[in-house]
Every structure is written in C-alpha cells, then in structure tokens.
Amino acid sequence: MAGKTLSQIGSTPSSTALTEHRAWIKGRAAMLLAHYWREGDDPSLIGALGKDWADVLEDLPQDLIQRACVRYLREEPRRRPSPAAIYQLAAGMLPNQTGALAGMPWGWEVER
C-alpha cells in the first residue's frame, strides 16, 4: 500500500483499507522519529505514539504525508517532529491551502 493516494484506495474505504492506511502512517512516523529515537524507549509508548500519529493523519493521502515528512527533515534540523507539524505541512500542500481537513472525504485528489 506504500505510496497510494486516497483516491487509489477508494472513495469509501473499507475497514481493511483504513487499517492498512493507519498501519502505513504508523510505520512512516516510526521512520521519521527514528532520526530522533532514544535507546530503551518502552514498546508500549512507541505503540501509543504510532496511534496518535495515525489518529491525526488518517484523513491525509500517503503521498502528502510522505512529502511533508521529507520537507520536515529538510527544514527542521533541530526539533523532533510532531503529528501536528506534519499535518500542517501536508495541509499547506493542498490545492486550496486552507489547512482545514477535518471530515474530508476519502475521495479527494491532491493536485501536483
């Protein structure tokens, strides 16, 4: 499922598609945070962090999340990323640039 947009997943995602999308977000967040990770972090804490990231970002397509993560890594060399930081960067990449994604339907496409 890596790299799929929400329009490729479908306009009304099945629970399986949503579960896979959230798992992708968790993996992407773990990779992003690995640049800042500390040895010995409790696995339950890591799981809870992944859930937070998925809760915040699940309405975004994977390509926007990926682009926001790369942009963050390029532009924020001293701070650990947060779900809100990635959300704001991704929202700023939307065609209308409103940043208001709450309740956004799964069928929208991101212009390039």
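To be clear, the structure that these remarks concern was listed above.
Since the model is a prediction, treat every value here as computed from it, not as a measurement.

Enquirer: Give a description of the overall build of the protein that names residues and reports values.
Expert: Helix and strand counts for the protein stand at five helices and zero strands. Each helix (α) and strand (β) of the protein, taken in turn from the N terminus, gives the series α-α-α-α-α. The burial tally for the protein puts 36% of its 112 residues in the buried class. Once local pairs closer than 6 in sequence are excluded, the contacts in the protein between residues at least 24 apart make up 71%. When the accessible surface of the protein is summed, it comes to about 6,600 Å², and 52% of that surface belongs to carbon and sulfur atoms.

Enquirer: Lay out the side chain of Q62 with the relevant residues and their values.
Expert: Summarising the element assignment, Q62 is placed in helix α4 (residues 62-75). The exposure class assigned to Q62 is buried, which follows from its relative accessible area of 0%. Of the polar contacts made by the side chain of Q62, one reaches the side chain of H21; its length is 3.2 Å.

Enquirer: Outline helix α3 (residues 43-57), listing residues and values.
Expert: Residue pairs spaced three or four apart in an α-helix point in one direction, given the helix's 3.6 residues per turn. The end-to-end C-alpha distance of α3 is 21 Å, a good match for the 21 Å that 15 residues give at a rise of 1.5 Å each. Residues G50, W53, A54 and L57 constitute the buried set of α3. One face of α3 carries all of its buried residues, which in axial projection span an arc of 95°. On its buried side, α3 packs onto α2 (15-34), α4 and α5 (83-92).

Enquirer: Just give me the short version of the nonpolar core, but keep the residues and values in it.
Expert: Counting residues in each nonpolar core, the largest one holds 20 residues, and the members touching the most others are I25, W53, L57, L60, I65 and I86. Ignoring anything within four residues of it in the chain, the contact list for I86 reads L32, W53, L57, I65, A68, C69 and Y72.

Enquirer: Before we move on, could you go through α4 and cite the residues and values that matter?
Expert: A rise of 1.5 Å per residue sets the reference length of α4, with its 14 residues, at 20 Å; its end C-alpha atoms lie 20 Å apart and thus fit the reference within 8%. Those residues of α4 that fall on the buried side of the exposure criterion are Q62, D63, L64, I65, A68, C69 and Y72. Summarising the contacts, the buried residues of α4 are in contact with α2, α3 and α5.

What counts, and at which threshold
- Residues numbered from 1 in each chain as written.
- Predicted model: local features only at pLDDT ≥ 70, side-chain atom pairs only at ≥ 80, totals over all residues.
- Heavy atoms only, no water.
- Helix = DSSP H or I, 4+ residues; strand = E, 2+ residues; numbered from the N terminus.
- Buried < 20%, exposed > 50% of the residue type's maximum accessible area, 1.4 Å probe, protein only.
- Contact = heavy atoms within 4.5 Å.
- Areas by Shrake-Rupley, 256 points an atom, 1.4 Å probe, with all protein chains shown as cover.
- Polar contact = N/O pair within 3.5 Å; in protein donor to acceptor, adjacent residues only side chain to side chain.
- Expected span 1.5 Å × (residues − 1).
- Arc of directions from axis to C-beta.
- Core = buried A, V, L, I, M, F, W, Y, C linked by side-chain atoms within 4.5 Å.

Function-wise, these values are silent; they only describe arrangement.
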